Amino acid sequence: MAADVDHLTRSQARRLALRASGLDRPRAARGAVPGGRALQQVVGRLGLLQVDSVNVLARAHLVPVYSRTGPWDVAALDRATSRAPRRLVETWAHEASLVPPTTFRDLAFKHAANRAGIERRGDTLHGVPVGRSPEVAAVRRIVDEVGPVTAREAQDLLGGDGRRSGDWGWSWTDAKRALEHLFFVGELTTSGRNAQFERRYALPDRVLPPEVLAAPPPDPATARRGLVEVAARAHGVASLRCLADHWRTATAPTAAAVAELVEEGVLVPVDVEGWRGPLYRHRDATVPRRAHGRALLSPFDPLVWERTRTETLFGLRYRLEIYVPAAARVWGYYVLPFLLGERLVALVDLKADRRGGVLQVAAAHRAPGAAADPAAGAPGDAEVAHELACELRTAAQWLGLADVAAGPEAAGDLVAALRRELPGAAA
């Protein structure tokens with residue numbers, strides 16, 4: 001290896017990744033409940049929060065903040081997205097995501113690519129004509145004239161039921177389809193969401209802060225380099241595939257941006273034990289002597305987004321099984337990895353029973369590749385169960401649930417040890 005290439009063991013790479021992601025230390029004990037400042041710190045570290053409507057435990061974009069701060073005031077998110085000056089807006093990044101307003105403008109090249117892709121596919125979105133359809137033009141006028149609207153409100157103004165017969169799987173109205181097209185290509189963002197979690201679609205120039213709107217349009221190459229650096233900071237150590245996946249951008253131009261950042265010294269080529277390269281470390285990324293954090297991780301957490309990286313660094317082949325038939329699931333319906341120290345040591349299938357006031361554990365398994373190995377510092381079942389029980393109590397507190405329960409139907413090789421811990425577990 002050339003002298004300018006770092007050499008990292010897998011353990012060092014894990015600790016470096018955890019430090020970059022803000023998951024290498026115990027969460028700070030705070031007198032006040034973390035709010036807007038904590039939210040901004042997490043977004044500043046990760047670059048974005050992926051939005052998803054799944055609400056089995058909590059909305060997907062809320063959990064990465066909890067993982068890093070502990071119980072936090074989720075009302076801070078509504079303030080950041082619904083009130084001026086907005087600190088976060090929604091757009092298409094790594095799927096639908098919340099991003100800082102400046103990032104929305106930096107993603108203009110991606111929005112343009114989205115539009116070009118739709119045109120290449122015959123001007124369709126999910127198989128339905130959109131781009132030059134009369135409905136798109138009409139809905140664009142509605143948003144311009146009326147202001148922020150939900151899809152239901154836009155359809156009422158458009159008139160008619162708006163639903164089409166046929167075998168199309170997305171039961172969207174004409175207004176919803178048009179709004180999603182405009183959102184996908186960056187012509188619309190949101191002014192927040194309502195209590196039913198519906199987007200309130202809005203024009204960017206009505207939502208973005210004045211200083212962002214007044215700035216010169218971003219140069220696409222500069223914007224792409226900046227976003228790649230954000231991804232590199234969030235990962236600490238990453239492959240080209242990881243860096244492109246962070247913003248779901250094309251590989252070739254991402255590779256060109258990576259090459260420029262290597263030339264500038266922002267990214268440093270690195271060799272990691274057992275991980276096929278080329279790989280890159282952000283120049284500011286550091287390897288802590290040890291990682292001793294504890295966290296439940298959302299399936300939508302950037303630490304585990306890129307599944308090849310997760311498998312290589314943590315020895316865990318992790319897939320979300322919501323859309324897998326129940327009989328074919330391996331770990332459960334909505335499974336969260338449990339981080340302890342530098343390892344993903346367990347997989348726990350959770351559901352918030354809000355009516356019953358209980359955090360239900362449907363399954364708890366030791367994660368593959370995380371078997372107890374005292375010589376290597378890997379914890380045994382009793383320690384994992386104790387720490388997991390403590391974390392579940394904390395999560396229940398955050399969700400406003402009074403108890404945690406692993407019922408008689410709960411499955412998994414860790415359930416028995418976890419049940420012994422739940423009655424007396426301290427948060």
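Residues numbered from 1 in each chain as written. Predicted model: local features only at pLDDT ≥ 70, side-chain atom pairs only at ≥ 80, totals over all residues. Heavy atoms only, no water.

As recorded in an unreviewed UniProt entry, the protein goes by YcaQ family DNA glycosylase and comes from Cellulomonas wangleii.

A.B. asks: If you had to explain the overall build of the protein to someone new, which residues and values would you point to?
C.D. replies: Each helix and strand counted, the protein has 17 helices and 16 strands in total. Relative to the compact-globule value of 22 Å for 427 residues, the protein shows a C-alpha radius of gyration of 23 Å, a close match. Its C-alpha atoms give the protein principal-axis dimensions of about 65 × 60 × 45 Å. Among the 427 residues that make up the protein, the fraction classed as buried is 54%. Put simply, 65% of the contacts in the protein that link residues at least 6 apart link residues at least 24 apart. (Helix = DSSP H or I, 4+ residues; strand = E, 2+ residues; numbered from the N terminus. Rg over C-alpha atoms; globule rule 2.2 N^0.38 Å. Buried < 20%, exposed > 50% of the residue type's maximum accessible area, 1.4 Å probe, protein only. Contact = heavy atoms within 4.5 Å.)

A.B. asks: Can you lay out unusual backbone geometry for me, pointing to particular residues and giving the numbers?
C.D. replies: Going from Ala84 to Pro85, the amide bond is cis rather than trans, its omega being -5°. Position of Pro85 relative to the elements: it lies in the loop between helix 4 (75-82) and strand 3 (89-93). At the junction of Gly277 and Pro278, the peptide bond is cis and its omega measures out at 5° in the coordinates. Within the element layout of this structure, Pro278 appears in strand 11 (residues 275-282). With a phi close to 65°, Phe197 is a non-glycine residue in the positive phi region. When you line up the elements, Phe197 lands in the loop between strand 7 (189-193) and strand 8 (199-202).

A.B. asks: Residue-level account of the sheet that holds strand 2 (residues 49-50), with values.
C.D. replies: Note: strands within a sheet are paired through backbone hydrogen bonds, in either parallel or antiparallel orientation. Taking strand neighbours across the sheet as the criterion, the three strands line up as 2-4-3 in an open arrangement whose pairing is antiparallel. Each edge of the open sheet carries a strand with a single partner, namely strand 2 and strand 3. (Pairing = 2+ DSSP bridges.)

A.B. asks: Describe in detail the side chain of Gln50, supporting the description with residues and values.
C.D. replies: Mapping Gln50 onto the fold places it in strand 2. Here the side chain of Gln50 touches Trp305 through a polar contact of 2.9 Å, side chain to side chain. Sequence-distant contacts of Gln50, that is, excluding residues within four places in its chain, are made with Ala60, His61, His94, Glu95, Ala96, Ser97, Phe300 and Trp305. (Polar contact = N/O pair within 3.5 Å; in protein donor to acceptor, adjacent residues only side chain to side chain.)

A.B. asks: Requested: an account of the packing of helix 7 (residues 134-146) against helix 9 (residues 174-184), with residues and values cited.
C.D. replies: Two elements in contact, helix 7 and helix 9, have axes separated by 9 Å at closest approach and are oriented at 80°. Between helix 7 and helix 9, the angle falls in the class roughly perpendicular. Residues Glu135, Val136, Val139, Arg140 and Val143 of helix 7 form the contact with helix 9, whose participating residues are Asp174, Ala175, Ala178, Leu179, His181 and Leu182. Grouping the constituent residues of the contact of helix 7 with helix 9 by class yields seven nonpolar, one polar and three charged. (Axes fitted to C-alpha atoms, helices over the stretch in contact; angles between N-to-C directions. Parallel < 35°, antiparallel > 145°, perpendicular 65-115°, else oblique. Nonpolar A, V, L, I, M, F, W, Y, C, P; charged D, E, K, R; others polar.)

A.B. asks: Before we move on, can you summarise the environment of Gly162 with the specific residues and values?
C.D. replies: Looking at where Gly162 falls in the secondary structure, it is placed in the loop between helix 8 (151-158) and helix 9. Its relative accessible area of 13% is what places Gly162 among the buried residues. For Gly162 and Arg152, which are ten residues apart along the polypeptide, the C-alpha to C-alpha distance reads 10.0 Å. When near neighbours in sequence (up to four residues on either side) are disregarded, Gly162 contacts Gln155, Trp172, Thr173 and Asp174.

A.B. asks: Now, about the pairing of strand 8: what can you tell me, with residues and values included?
C.D. replies: The pairing of strand 7 with strand 8 spans three bridges and is antiparallel. Across the sheet, residue Thr189 finds its bridge partner in strand 8, namely Ala202. Two successive antiparallel strands, strand 7 and strand 8, enclose a turn made up of five residues, where Phe197 displays a positive phi of approximately 65°.

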